[in-house]
Amino acid sequence: MHELIRNRWSARGYDPQATISEDSLIAILEAGRWAPTWGSVQPVRVIVGTRGDETFDGLVTALTRGNASWAPAAAALILVCTRVLEDDEKASTYAVFDAGLATSQMILQANAEGFNAHPMAGFEIDTVVETFSIPAEQAPIALIAVGKLAPRETLDPSIAERDDRERTRLPLSETAFAGSWGMPYRPDSPA
Ligand SMILES: Cc1cc2nc3c(=O)[nH]c(=O)nc-3n(C[C@H](O)[C@H](O)[C@H](O)COP(=O)(O)O)c2cc1C
């Protein structure tokens, strides 16, 4: 794997003093803008706040309790929304798919800029809709926290413990098939 992908992880122990430059933030947003998009529809929109500004504070207000314990230390918060249309299931499905692709590209670009990026579904949708006057056809999908890792000894022990947990995935033999569903593409693939 490319090291950018190998080294990516979703941290919580962010440095509450760290900031992000305008150039880095724009590079992250551009990475999202240039993600693949079904039919070139480009349904994804973002709301961007940097710590200390009004938009960031509005996004922090929407965080659910668990995320509120760490995400306010991010240097930036990016709310990813996408256009879903009640009468067009296919367009809506791919709009959400596009949002995932844009999110993934932004996360990788954030890592390339020297930051950690952590996607979150744990935020109050009604709060962001009201705070930012998000139109009815735009569905808020995820928040991305972009931050710098803090020295471990400065972290609250509960956050340090979460960040220390081992990351695992199902082995490729359970997720990649060939010939027939469930037949591993490579039976001997590593976990
Ligand atoms: C759609 C989505 C929503 C998530 N929501 C949250 C969240 O609300 N809070 C949180 O701490 N992590 C959240 N995560 C991060 C996952 O917990 C994390 O990606 C998973 O544990 C795997 O860890 P890794 O990203 O380090 O590989 C979310 C991830 C995704 C893709």
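Residues numbered from 1 in each chain as written. Predicted model: local features only at pLDDT ≥ 70, side-chain atom pairs only at ≥ 80, totals over all residues. Heavy atoms only, no water.

> Hey, could you run me through the packing of helix α3 (residues 54-62) against helix α6 (residues 125-132) in this one?
Two measures define how a pair of helices packs: the angle their axes make with one another and the distance between the axes. Following both chains from N to C, one finds α3 and α6 inclined at 155 degrees, their axes separated by 8 Å at the closest point. In terms of axis orientation, α3 runs roughly antiparallel to α6. In the crossing of α3 with α6, the sense of the turn from one axis to the other is right-handed. Contact residues: α3 offers T55, G58, L59, T61 and A62, while α6 offers T127, V128, T131 and F132. The residue inventory of the contact of α3 with α6, partitioned by class, reads four nonpolar, five polar and no charged. (Axes fitted to C-alpha atoms, helices over the stretch in contact; angles between N-to-C directions. Helix = DSSP H or I, 4+ residues; strand = E, 2+ residues; numbered from the N terminus. Parallel < 35°, antiparallel > 145°, perpendicular 65-115°, else oblique. Left-handed = near helix turned anticlockwise from the far one by under 90°. Contact = heavy atoms within 4.5 Å. Nonpolar A, V, L, I, M, F, W, Y, C, P; charged D, E, K, R; others polar.)

> Can you help me understand the pattern of salt bridges in this one?
When charged atoms on two side chains of opposite charge get close, those side chains can pair. Going through the model one piece at a time under the given rule, you end up with three salt bridges. Here E30 and R33 are joined by a salt bridge, their closest N and O atoms 2.6 Å apart. Here the residue E30 and the residue R33 both occupy positions in helix α2 (residues 22-33), the gap between them amounting to three residues, near one helical turn. Residue classification places R33 among the exposed positions, given a relative accessible area of 52%. Here R165 ties to E161 by a salt bridge, and the two come within 3.0 Å at their closest N and O atoms. Owing to a relative accessible area of 38%, E161 belongs among the partly exposed residues under this scheme. (Salt bridge = Lys/Arg side-chain N within 4 Å of Asp/Glu carboxyl O. Buried < 20%, exposed > 50% of the residue type's maximum accessible area, 1.4 Å probe, protein only.)

> Please explain the site of the ligand as it appears in this structure.
The full set close to the ligand counts 13 residues, and S10, R12, H118, R167 and R169 are the nearest of them. Between a nitrogen atom of the ligand and a side-chain N or O atom of N67, the distance comes to 2.8 Å. A distance of 2.9 Å is found between an oxygen atom of the ligand and a backbone nitrogen or oxygen belonging to G122. Residue contributions to the shell around the ligand peak at three residues, all from strand β3 (residues 116-120). Tallied by class, residues from the shell around the ligand come to five nonpolar, four polar and four charged. (Near = heavy atom within 4 Å. Polar contact = N/O pair within 3.5 Å; in protein donor to acceptor, adjacent residues only side chain to side chain.)

> Is there a simple way to think about the UniProt feature "domain: Nitroreductase" (unreviewed entry) in the chain in this case?
As annotated in UniProt, the feature "domain: Nitroreductase" (unreviewed entry) corresponds to residues 5-52 and 63-148 in the numbering used here. Taken end to end, residues 5-52 is 29% helix and 15% strand, and its two terminal C-alpha atoms sit 30 Å from one another. (UniProt positions renumbered as here; feature names shortened; annotations may be inferred.)

> I'm lost on the sheet that holds β3 in this one. Help?
Strand order in the open sheet made by the four strands is β1-β2-β4-β3, with antiparallel pairing throughout. Taken across any chain shown, the strands that pair with only one partner, and hence form the sheet edges, are β1 (44-50) and β3. Strand-to-strand, the axes of this sheet are offset by a mean angle of 25 degrees, without reference to chain direction. Relative to strand β4 (residues 138-147), β3 runs antiparallel, the two being bridged by five bridges. (Pairing = 2+ DSSP bridges.)

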